[in-house]
Amino acid sequence: MTVPSAAPAPGGGNLPGQALWPADDVLILRNRPVRIGTPPSRMSRFGDEQWHVQPAHRDAHLQISAISWSTFPAALRQHFRTFFLAALDHPVPVEPGGRQRPAEQASVGSFPYWVIDMRALALWLDEQGCRDLSEIRDADLESFRTYVLGLDRDGRRKSDLITAVRLLWLFSEHMPAQCRLDCDFPWAGQTAKEVVGAPAGTGRENKTPRIADDTMEALLAWVLVMIEEVGPDIRDAWHEYQQLETGRHISQVRYTGTREERLRTYLSYCRQQGIALPGHEGGGINYGHVKRLMGIPKAHRQGVSAAMLDLLVDSGLPVAHFSGVGRITGQIHGRPWREHPIAIGELPTLVRLLSAALFTAVCYLSGMRPGEVLNLRRGCRDTDEETGELLVHGFRGKGFDRVPDQPDASEPLRPWVVVDVVHAAIGLLEDLHDLPLLFPSSLISAHGQRPATVNARTGRAMNDDIQDLISWINSTYRRADSGAPIPADLAGHINANRYRRTLARFIVRKPRGLIAAALQYGHVHTKVTLSYAGYADPSWLHDIAVEKLELIIDQAEQDGQHLAAGEHVSGPSADEYRARVERTASFEGRVVTSAGSAERLLKQVDPAIYHGQGMTCVWRAATAACRKAKLALGLPDDDAPDESECRSSCTNLAYTDRDIEDVQRRRERHRADAADPLSPKPRRDRAAAQAAQLSAIIDRHQGQNVFGAEERTV
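Residues numbered from 1 in each chain as written. Predicted model: local features only at pLDDT ≥ 70, side-chain atom pairs only at ≥ 80, totals over all residues. Heavy atoms only, no water.

J.: I tried to follow the overall build of the protein on my own but got confused; where do I start?
T.: The helix and strand tally for the protein stands at 21 helices and 13 strands. Sequence-distant contacts in the protein: of pairs separated by 6 or more residues, those separated by 24 or more amount to 67%. Accessible surface, the protein: about 35600 Å² in total, of which carbon and sulfur atoms supply 51%. (Helix = DSSP H or I, 4+ residues; strand = E, 2+ residues; numbered from the N terminus. Contact = heavy atoms within 4.5 Å. Areas by Shrake-Rupley, 256 points an atom, 1.4 Å probe, with all protein chains shown as cover.)

As structure tokens, this is what we get:
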């Protein structure tokens, strides 16, 4: 590195003939849209020791760390300030060779990561004695590369440091001469990963673990209970508490005059109604709640006068072991979900847990990303006038061109098509509070830096809430076998980022799941797929493709093993079933390096065999009875069977021994219903007919099996 001929003047001044350094009073977000309601204290200027960049971020649920300049070496601090201001002002310049599309402005969400890498670069340069970025030559870049290769970092993190150097070079045109690297574009012709020898695919694999089937089924079942039974009681108790707290409850109209006069009226009312005085769990009267019930403003509830104490002691009224609000109307398994009203002390926690349950319903059953759900706003529900589909309108969760909320924001809302449970959850949220965001930073006590009116709950806080919800359910309720209602997941704590992959698995593996709750994953699949009509969200469809490919591999292996063990197959498509299974089982596999590869491989190896309830469909569109039935009704047909429209006469059907075991179980249930003397005759007749139909399937299967066995013995 060369010694600079001139250094910047102290305090960011400029020497004659040099390009201008930014002035200290320049607003760093001068060329960025900022969020509505941003206070002046968060509008940082170039000379500030901390830069707040979060106001320029689209999402209300994220906390973007401020840039603290005290952590950068003093000699290079002004240079890196200038770089970050240029990155805020201008799109990222296109690399020589044009690898990325032009005019992309760096996301503010990337800045905390850039700061980490730029700080590491600045500290290394400072150790080398560099006082101006213009001192850097090609040889210095190779020295830095050697330094990076020796770090105890993985390949992706090492490549990030290489990217940091390149960003400095790219933004040189927007910075003073002292900030411009005196070299060619660093490591031209190579990707950052190639520079450090990292594999090209490093960091691209989706390693998000799915939630175990038993855990997710139980969690969703309890979420539905929260929506239908528990949630309304929590909502009503919360409303009653807030009305009492602010003196707006109808019961407080009767209280007027001094505190002693109000107390006499209250004690008289308690005697007439046989009501105990509110108490604390540990014993004693809850004086604060007594004053709250009497409509005394919060600012005047401190202390209890001697006259009030005498009135309470002389009242002779019993004291309850808690102070409750609301009523219990919801039921679980035919019994009230709790024995007594909600205590004031536990109400804030229950409100938070209810919000977590409603978030789970919306996030999991819509296929939306967690951030997209956390940024939903009041009034987001809608219905398509032409199709009747239920819609949710929100902002997309990815994209460099997203901007914060502004009165004249041009970014359009996007629709998600959803099932009715999602609408019900959003309706309960809108009833729970009157804030603009469905999931505000806090309904109880929002931090001063993140007021609930303009900030959403963070992803980390919501993940904690979900875990607390599971813990509360497991500590409050038990299964008949004394087990936990929601079993633990082997992959660890549940978090919202795991919902999308888990939904993809359930859609593929269990399309008829949760029938008892009137919620089928086949229906959810249809809605979630529609939600992206006209909008590119390939990650969701890729998840579905990967799940389908894994299912086909597992199913082909299982079917092949059963055939090899002598499993009998009957029905009009039995021969085609055996041929497809043998063909798929002979496929030895192929390395899949991307979701796109999974989709292509899926098209090549999919045998189009669908195991249903007591039957197997060997799908051929031309002969499918379910497809013909839908076309006859003018309905669109999918390139897959519809079990709800299945016909026993369909030539696509085959029956394995596993199917027949299921058919036999169903036949026995129908026979029992047909023999029930207390059942109406039409119902008995229908059950007998269904049993006879199933018997015919069993007889044909067993008859063909015997015939086949005789042939083999000849």
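Here the narrative resumes, following the displayed structure.
J.: Explanation requested: the pairing of strand S9 (residues 414-418) in the structure shown.
T.: Consecutive side chains along a regular strand alternate between the two faces of the sheet. With four of its five residues buried, S9 lies for the most part within the structure. Note: strand S8 (residues 390-394) against S9, five bridges, orientation antiparallel. Bridged to glycine 394 within S9 is arginine 414. (Buried < 20%, exposed > 50% of the residue type's maximum accessible area, 1.4 Å probe, protein only. Pairing = 2+ DSSP bridges.)

J.: Which parts of the structure should I look at to understand the sheet that holds strand S13 (residues 653-656)?
T.: Neighbouring strands of a sheet are bound in pairs by backbone hydrogen bonds; such pairs are parallel or else antiparallel. The sheet built from four strands is open, its strands ordered S10-S13-S12-S11 with antiparallel pairing. Edge strands, defined here as strands with exactly one partner in the open sheet, are strand S10 (569-570) and strand S11 (609-611). With two bridges joining them, strand S12 (residues 616-618) and S13 adopt antiparallel strand pairing. Paired with threonine 616 across the strands is alanine 654, a residue of S13. Sheet strands touched by helix H20 (residues 657-674): S11, S12 and S13. Its angle to S13, the strand with the most contacts, is close to 85 degrees. (Axes fitted to C-alpha atoms, helices over the stretch in contact; angles between N-to-C directions.)

J.: What's the story with the packing of helix H1 (residues 74-89) against helix H2 (residues 111-127) in this structure? I'm lost.
T.: The description of two helices packed together rests on the angle between their axes and the distance between the axes. Here H1 crosses H2 at 150 degrees, and the two axes come no closer than 11 Å. For the element pair H1 / H2, the angle class is roughly antiparallel. For the element pair H1 and H2, the recorded crossing hand is right-handed. The segment H1 lies against H2, with Ala75, Leu76, Phe80, Phe83, Phe84, Ala87 and Leu88 engaging Phe111, Trp114, Val115, Met118, Leu121, Ala122, Leu125 and Asp126. Here the contact of H1 with H2 is composed, by residue class, of 14 nonpolar, no polar and one charged. (Parallel < 35°, antiparallel > 145°, perpendicular 65-115°, else oblique. Left-handed = near helix turned anticlockwise from the far one by under 90°. Nonpolar A, V, L, I, M, F, W, Y, C, P; charged D, E, K, R; others polar.)

J.: Whenever I open this one, the packing of aromatic side chains confuses me. Can you help?
T.: Any two aromatic rings considered together are summarised by their centre-to-centre distance and by the angle between their planes. This model, assessed by the stated rule, comprises 20 aromatic pairs. Ring centres of phenylalanine 83 and phenylalanine 84 lie 5.0 Å apart, and the angle between their planes is 75 degrees; on these two criteria the pair is classed as edge-to-face. Just as phenylalanine 83 is buried, phenylalanine 84 falls in that class too. Look at phenylalanine 83 and tryptophan 114: their rings are 6.1 Å apart centre to centre, the planes differ by 35 degrees, and that puts the pair in the tilted class. Of the two residues, phenylalanine 83 is situated in helix H1 and tryptophan 114 in helix H2; the sequence distance between them amounts to 31 residues. The side chain of arginine 254 reaches across the aromatic face of tyrosine 269, ending 4.0 Å from its centre. (Phe/Tyr/Trp six-rings, centres within 6.5 Å; stacked < 30°, edge-to-face > 60°. Lys NZ or Arg CZ within 6 Å of the ring centre and 35° of its normal.)

J.: Is there a simple way to explain the nonpolar core in this structure?
T.: Within soluble globular proteins, side chains that are nonpolar generally end up buried alongside one another. Judged by nonpolar contacts, the single largest core of 87 residues is most densely connected at Tyr266, Phe359 and Tyr499. Per-element accounting of this core gives the leading share, 15 residues, to helix H6 (residues 213-246). When residues no more than four places from it in sequence are discounted, the contact partners of tyrosine 499 are Ile211, Met216, Leu219, Phe359, Thr360, Cys363, Tyr364, Ile466 and Ile494. By size, the runner-up hydrophobic cluster in this structure holds 56 residues, among which are Phe46, Phe83, Ala120 and Leu168. (Core = buried A, V, L, I, M, F, W, Y, C linked by side-chain atoms within 4.5 Å.)

J.: Even after reading the chapter, I still don't get the sheet that holds S9, so can you show me in this structure?
T.: Taken in spatial order, the three strands of this open sheet run S7-S8-S9, and their pairing is antiparallel. At either end of the open sheet lies a strand with only one pairing partner, and these are strand S7 (381-383) and S9. Between one strand axis and the next, the sheet turns by 40 degrees as a mean value, whatever way the strands run.

J.: When you look at the pairing of S8 in this model, what are you seeing that I'm missing?
T.: Sheet topology note: the S7/S8 ladder contains three bridges and is antiparallel. Residue pairing in the sheet places aspartate 382 in a bridge with leucine 391 of S8. Between S7 and S8, which pair antiparallel and follow one another directly, the connecting turn spans six residues, one of which, glycine 388, has a positive phi of 80 degrees.

J.: Just checking my understanding: could you explain the side chain of histidine 61 for this structure?
T.: Inspection of the secondary structure puts histidine 61 in the loop between strand S1 (50-51) and strand S2 (67-68). By relative accessible area, which is 8% here, histidine 61 ends up buried. Polar contacts involving the side chain of histidine 61 include one to the side chain of asparagine 375, which spans 2.9 Å. If we skip the residues at most four places from it in the chain, histidine 61 touches Gly371, Leu374, Asn375, Arg450, Ala456, Arg457, Thr458 and Gly459. (Polar contact = N/O pair within 3.5 Å; in protein donor to acceptor, adjacent residues only side chain to side chain.)

J.: Even after reading the chapter, I still don't get the packing of helix H10 (residues 347-366) against helix H14 (residues 499-509), so can you show me in this structure?
T.: Packing of H10 against H14 leaves a shortest axis separation of 9 Å and a crossing angle of 60 degrees. In terms of their interaxial angle, H10 and H14 are classed as oblique. In this structure, the crossing between H10 and H14 has a hand that is right-handed. Here Phe359, Thr360, Cys363 and Tyr364 of H10 come into contact with H14, specifically with Tyr499, Thr502, Leu503 and Phe506. Classifying every residue of the contact of H10 with H14 by side-chain character gives six nonpolar, two polar and no charged.

J.: Can you walk me through the pattern of salt bridges in this structure?
T.: Close approach of charged atoms allows side chains with opposite charge to pair. Counted according to the given criterion, the structure contains 33 salt bridges. As a salt-bridge pair, glutamate 668 and arginine 671 come within 3.4 Å of each other at their nearest N and O atoms. Of this pair, glutamate 668 and arginine 671 both sit in helix H20, three residues apart, which is roughly one turn of that helix. Since its relative accessible area comes to 40%, glutamate 668 is described here as partly exposed. Residue class for arginine 671 comes out partly exposed when judged on its relative accessible area of 39%. Three or more residues are tied together by salt bridges with common partners; here these are Asp117, Arg153, Arg156, Arg157 and Asp160. (Salt bridge = Lys/Arg side-chain N within 4 Å of Asp/Glu carboxyl O.)

J.: How should I be thinking about the confidence of the model for the protein in this particular structure?
T.: In low-pLDDT regions, the fine details of the predicted coordinates are not to be read closely. Averaged over the protein, the pLDDT score is 84; the fraction of residues at 70 or greater is 85%. Low pLDDT, under 50, characterises residues 2-18; the stretch is placed with 21 contacts to residues that sit more than four places away or in other chains. Confidence drops under a pLDDT of 50 for residues 709-714, and excluding neighbours within four residues, the segment shows one contact in the predicted structure. (pLDDT = per-residue confidence, 0-100.)

J.: I tried to follow the side chain of arginine 301 on my own but got confused; where do I start?
T.: Position of arginine 301 among the secondary structure elements: in the loop between helix H8 (287-293) and helix H9 (306-314). A polar atom in the side chain of arginine 301 sits 3.0 Å from the side chain of glutamate 245. If near-sequence neighbours (up to four positions away) are discounted, arginine 301 is found in contact with Leu244, Glu245, Arg259, Gly288, Lys291, Arg292 and Ile296.

J.: Is there a simple way to explain the state of the cysteines in this structure?
T.: Note on terminology: a disulfide is the covalent bond linking the sulfur atoms of two cysteines. A full pass over the atoms with the stated rule returns zero disulfides. You can see cysteine 617 has no disulfide; the closest cysteine sulfur is in cysteine 650, sitting 6.1 Å from it. (Disulfide = S-S within 2.5 Å.)

J.: For this particular structure, what's the right way to read helix H13 (residues 459-476)?
T.: Think of an α-helix as turning once every 3.6 residues; residues three or four places apart then point the same way. With 18 residues, H13 extends 26 Å between its outermost C-alpha atoms, agreeing within 8% with the 26 Å of an ideal straight helix rising 1.5 Å per residue. Within H13, burial applies to Ala461, Met462, Asn463, Asp465, Ile466, Gln467, Leu469, Ile470, Trp472, Ile473 and Asn474. At its buried positions, H13 is contacted by H6, H10, helix H11 (370-374) and H14. (Expected span 1.5 Å × (residues − 1).)

J.: Teacher, can you tell me more about the environment of glycine 367 here?
T.: Mapped onto the fold, glycine 367 is located in the loop between H10 and H11. Along the backbone, glycine 367 and tyrosine 499 are 132 residues apart, and their C-alpha atoms lie at a distance of 7.7 Å.

J.: Quick question: what am I supposed to make of the environment of aspartate 126 here?
T.: With respect to the helices and strands, the residue aspartate 126 is situated in helix H2. C-alpha of aspartate 126 to C-alpha of alanine 75: the two residues are 51 residues apart in sequence and 7.5 Å apart in space. There is a polar contact of 3.3 Å between the side chain of aspartate 126 and the side chain of arginine 131.

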